[in-house]
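# Structure assessment
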Amino acid sequence: QMRKKIVAGNWKMNETLQEGIALAKEINDSLKAEKPNCDVVICTPFIHLASVAQVLDAEGVALGAENCADKEKGAYTGEVSAAMVKSTGAQYVILGHSERRQYYGETAEILKEKVQLALANGLKVIFCCGETLEEREAEKQNEVVKAELEGSVFHLSAEEWKNIVLAYEPIWAIGTGKTATSDQAQEMLAYIRSIVAEKYGKEAAEDTTILYGGSCNASNAAELFSKSDIDGGLIGGASLKAADFKAIIDAW
Ligand code: 3PY
């Protein structure tokens, strides 16, 4: 397989600046001591980006943000643009996380703007999708995920698509300690790859990195990563402890 395997940490709203720098250093040191078998992306709050960029020098480790604005620049008090994120040294941005959709009202349309601006500014996008428990119980997970992709990323050109990483995060498994079984995750990731193939062709679909997220941790990562369509994980809580995060990376 040509596609990249990625373990990406999503710190969410955790760590002071000093704590975050210390955490990044610890992760970086452990990756220098032992080269990882996958790419590693550390996604931090905006305030950490420039400082953490100075700390990360291990091979195969990249920096990412957890969000960016849906406007290019100007009078948008409190917002941080894709160009600003890029200027810190970050290479990635997470967009479409369910917490952004749920708590900050990010719609498919807003996310489409964010994706466009991120790509235009040279960032790679980790685009999240996933259904609620209610939707899964109604067996609507496939149509929900397809609609999320159609609403925000399936308009992209084939060239732009090369900078998209997808992350499937069932909302019922986020921060709940409930993980999708590896078979449930594999089934959805295979489905996602099939709709990417319909849109961009089989080869592009084979080259697309698709991550599983949602309570992925040191004890379930190896089982999840053993599945043929699971190319890595987007890691929440377990990315805040260097040893746990390293153990997930070592699951590859
Ligand atoms: C989780 O692991 O719960 C996440 O939401 C990762 O983004």
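Per chain, the residues get numbers from 1 upward, laid out in the order the sequence is written. Given that the model is predicted, a residue must reach a pLDDT of at least 70 before its local features are reported, and side-chain atom pairs must reach 80 or more before they are shown or counted; all residues, however, enter totals for whole chains, interfaces and linings. Calculated side-chain values reflect all of the structure's heavy atoms, with hydrogen atoms and water omitted.

Moving on, we get to the sheet that holds strand 3 (residues 61–65). Pairing within the closed barrel is parallel, and its eight strands lie in the order 1-2-3-4-5-6-7-8. Here the strands of the sheet are splayed against their neighbours by 25° on average, with no regard to which way each runs. By this definition, two strands are paired if DSSP reports at least two bridges between them. Runs of H or I in DSSP of at least four residues are treated as helices and runs of E of at least two as strands, each being numbered from the N terminus. Taken together, the five bridges between strand 5 (residues 124–129) and strand 6 (residues 164–168) define a ladder with parallel strand orientation. The residue bridging Phe 127 from the neighbouring strand is Leu 166, located in strand 6. Residues count as neighbours in contact if any of their non-hydrogen atoms are within 4.5 Å of one another. Only the contacting stretch of a helix is used when fitting its axis, a line to C-alpha atoms as for every element, and angles between N-to-C directions run 0 to 180 degrees. Relative to strand 5, helix 7 (residues 141–152) is tilted by about 145°, and along the sheet it contacts strand 5 and strand 6.

Remark: nonpolar core denotes a set of buried residues (Ala, Val, Leu, Ile, Met, Phe, Trp, Tyr, Cys) joined through side-chain atoms within 4.5 Å. Burial classification: accessible surface area is computed with a 1.4 Å probe over protein chains only, and a residue below 20% of its type maximum counts as buried, one above 50% as exposed, and the rest as partly exposed. Grouped together as the largest cluster of nonpolar side chains are 67 residues, with contacts concentrated most on Leu 149 and Ile 192. If one sorts the elements of this core by residue count, helix 9 (residues 182–200) sits on top with eight residues. Beyond its immediate stretch of four places on either side in the chain, Leu 149 contacts Phe 127, Cys 129, Phe 154, Leu 166, Ile 192 and Ile 195.

Quick look at empty space enclosed by the protein now. Site definitions follow a grid-based scheme: protein atoms alone, a 1 Å grid, a 1.4 Å probe that fits but cannot get out for cavities, and for pockets an open set with protein on both sides within 12 Å along at least five of seven lines, plus lining residues having an atom within 4 Å of a point. Grid points are joined across faces, edges and corners, and a volume is the space filled by probe spheres set on the points. Applying the stated criterion across every chain yields a total of one cavity of 30 Å³ or more. In this structure, the largest cavity encloses a volume near 40 Å³. Taken together, Gly 96, His 97, Ser 98, Arg 101, Cys 128, Cys 129, Gly 130, Glu 148, Glu 169 and Ile 171 form the lining of the largest cavity. Secondary structure elements with two or more residues in the lining of the largest cavity: helix 4 (98–103) and strand 5. Broken down by class, the residue content of the lining of the largest cavity amounts to three nonpolar, four polar and three charged. Each residue is assigned to one class: nonpolar for Ala, Val, Leu, Ile, Met, Phe, Trp, Tyr, Cys and Pro, charged for Asp, Glu, Lys and Arg, and polar for all the others, Gly among them.

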